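A look at the structure
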Amino acid sequence: MSVLDLSRIQFGVTTVYHFLFVPITIGLGLLVAIMQTKWVVSNDEKWLRATKFFGKIFLINFAMGVVTGIVQEFQFGMNWSDFSRFVGDIFGAPLAIEGLLAFFLESTFLGLWIFGWDRLPKKVHLATIWLASIGAILSAYFILAANSFMQHPTAYTYNASKNRLELTNIMDVLTQDTAVVTVFHTLSASFLTAGAVVAGISAWLLVKSKGPDVARSTLKLGVGVILISAAALGLSGDMQARVMVAQQPMKMAAAEALYETSAPAPFSLFTIGTLDGSKPIWSLDIPRGLSLLSTHTLDGQVEGINNLQTQYEQQFGPGNYKPNIPIAYWSFRLMIGVGMLGALWALFAWWSIRKGRTPTSKWFGRLALTVPFLPLIANSFGWIFTEMGRQPWVVFGALQTKAGVSPTVTTFQVVTSLVVFTLLYGFLAVIEFGLIRRTVIIGPPEEVSDPFLNPVDPATGERELSITY
């Protein structure tokens, strides 16, 4: 395999692994803030216990996300230095804002939340978790804005003497429609993921009778978040599809294995094609379905793969401008299908606990523990589709992926780092899974006193701590 192929594999492994933690951090931070708010407003002890319990899971996940995110950013200099030189003036701007503003906000106030339980006023302490949650959302926004530039480059000029793109307006990069709909879609997926984590764990705790008062309340919260987020995902996905048709028609054509421009265009439920993805053999379609999805009309025209290939050859020169059709086709369907399974389980869980009912079946509890993995799998397929469907471009229409790889990196170096990263990530995954599993098995604390009302130790002059992480 070439350095290019290995570098792509390494970046793909790092990105997919890192994004296992990102949506949980974004969504669970907000849900923990909601739990603590419910406690502060109602003074109901069960919400304090819920905050402590899911706060531990949130912090374990946050630490893992930071570690993997740092490694991911290093790859821009290690494996993709030509890409960094070509778009660094633009791509680096939102990433710098993310690190200096959003991540600083998130980490600073998260530290205050961890160590401020008995030292800050109650409402000030509540504000710290909200600010940490806002920081996580802002981090996601700036990073997704940078990625959206790769999908649809805007607000730049080409400097021929330096052979690079230069930024003309940072606000155009941050507010272009690609970034806006991507952020909407990604945040919806993040909240669905966090809702699945809360609901799945809570359902298992309810079956096991571990803190049932806490588990019932958090199960209702998690199920509600899943259902609302699923609706938001449907809306944002529709918006993103229309933007994709306008800006990256080849990606939409690959997602549907639509080889010839059609009006109306069918939606493919199942397609069998050649092994190289060059042409279809048999397809089960919904007539006019793709036209409705892409144009909101029953007879709208959707461009096909072969027609776009001819168009791009005339526009960009000779070459293969088709992405890997089987990967784009199936990752698009698995993203939607696996995500929908999580929403269906949420409806079933809501039905199971209606009118005060308590599920007692062991299979219900075991099934609940698989639910958090469903949106994680769907998220992974979503990113695989997003990045693989853009190929052969690393910056669509401006820089091909093969032109962005580092020229001096050797195959041995990439293989070595890929093996080390894979082994390290596997080790870290075992640690995180073990820590979360232990936390879940122990369950929420049975009884907790208000940490802001604890007595002061006369020997030290400090309050006794009743909450630790």
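For the structure, check the block above.
Just so it is clear, the model here is predicted, and its values are computed rather than measured.

1. Topic: the packing of helix α9 (residues 249-256) against helix α11 (residues 305-316)
- Viewed as axis vectors pointing N to C, α9 and α11 meet at an angle of 155°, and their least axial separation amounts to 9 Å. Put simply, α9 runs roughly antiparallel to α11. Relative to α11, the crossing made by α9 is left-handed. Residues P249, M250, A253 and A254 of α9 form the contact with α11, whose own contacting residues are I305, L308, Q309 and Y312.
- Looking at the contact of α9 with α11 residue by residue, the class counts come to seven nonpolar, one polar and no charged.

2. Thoughts on the side chain of Q247
- Along the polypeptide, Q247 turns up in helix α8 (residues 212-247).
- The class of Q247 is buried, set by a relative accessible area of 16%.
- Of the polar contacts made by the side chain of Q247, one reaches the side chain of D177; its length is 3.1 Å.
- Residues within four places of Q247 in sequence aside, it is in contact with H152, D177, T178 and F396.

3. Description of the side chain of T25
- Locating T25 in the fold gives a position in helix α2 (residues 22-42).
- A distance of 2.7 Å separates a polar atom in the side chain of T25 from a polar atom in the side chain of N61.
- Setting aside anything within four residues of it in sequence, one finds T25 in contact with F58, N61, F62 and E106.

4. A look at a nonpolar patch on the surface
- Taken together, the side chains of L269, F270, I272, L284, I286, W330 and L334 make up a nonpolar region of the molecular surface, amounting to roughly 570 Å² of accessible area.
- Every element with two or more residues in the nonpolar patch is listed here: β3 (267-273), β4 (280-286) and α12 (325-352).
- For the nonpolar patch, the leading source of residues is β3, giving three residues.
- Residue placement: L334 occurs in helix α12.
- Taking relative accessible area as the criterion, L334 reaches 34% and is therefore assigned partly exposed.

5. A word on α2
- A rise of 1.5 Å per residue sets the reference length of α2, with its 21 residues, at 30 Å; its end C-alpha atoms lie 30 Å apart and thus fit the reference within 8%.
- In terms of residue burial, α2 counts as a mostly covered element, since 16 of its 21 residues are buried.
- N43 lies just past α2 and shows a positive phi near 60°.

6. Here's the deal with the packing of helix α4 (residues 81-115) against helix α5 (residues 122-151)
- Running from N to C, α4 and α5 point in directions that differ by 170°, and their axes come no closer than 7 Å. Considering the angle they form, α4 stands roughly antiparallel to α5.

The rules behind each value
Residues numbered from 1 in each chain as written. Predicted model: local features only at pLDDT ≥ 70, side-chain atom pairs only at ≥ 80, totals over all residues. Heavy atoms only, no water. Axes fitted to C-alpha atoms, helices over the stretch in contact; angles between N-to-C directions. Helix = DSSP H or I, 4+ residues; strand = E, 2+ residues; numbered from the N terminus. Parallel < 35°, antiparallel > 145°, perpendicular 65-115°, else oblique. Left-handed = near helix turned anticlockwise from the far one by under 90°. Contact = heavy atoms within 4.5 Å. Nonpolar A, V, L, I, M, F, W, Y, C, P; charged D, E, K, R; others polar. Buried < 20%, exposed > 50% of the residue type's maximum accessible area, 1.4 Å probe, protein only. Polar contact = N/O pair within 3.5 Å; in protein donor to acceptor, adjacent residues only side chain to side chain. Patch = residues over 30% accessible without salt bridge, like charges linked within 9 Å, V, L, I, M, F, W, Y side chains within 5 Å. Areas by Shrake-Rupley, 256 points an atom, 1.4 Å probe, with all protein chains shown as cover. Salt bridge = Lys/Arg side-chain N within 4 Å of Asp/Glu carboxyl O. Expected span 1.5 Å × (residues − 1).

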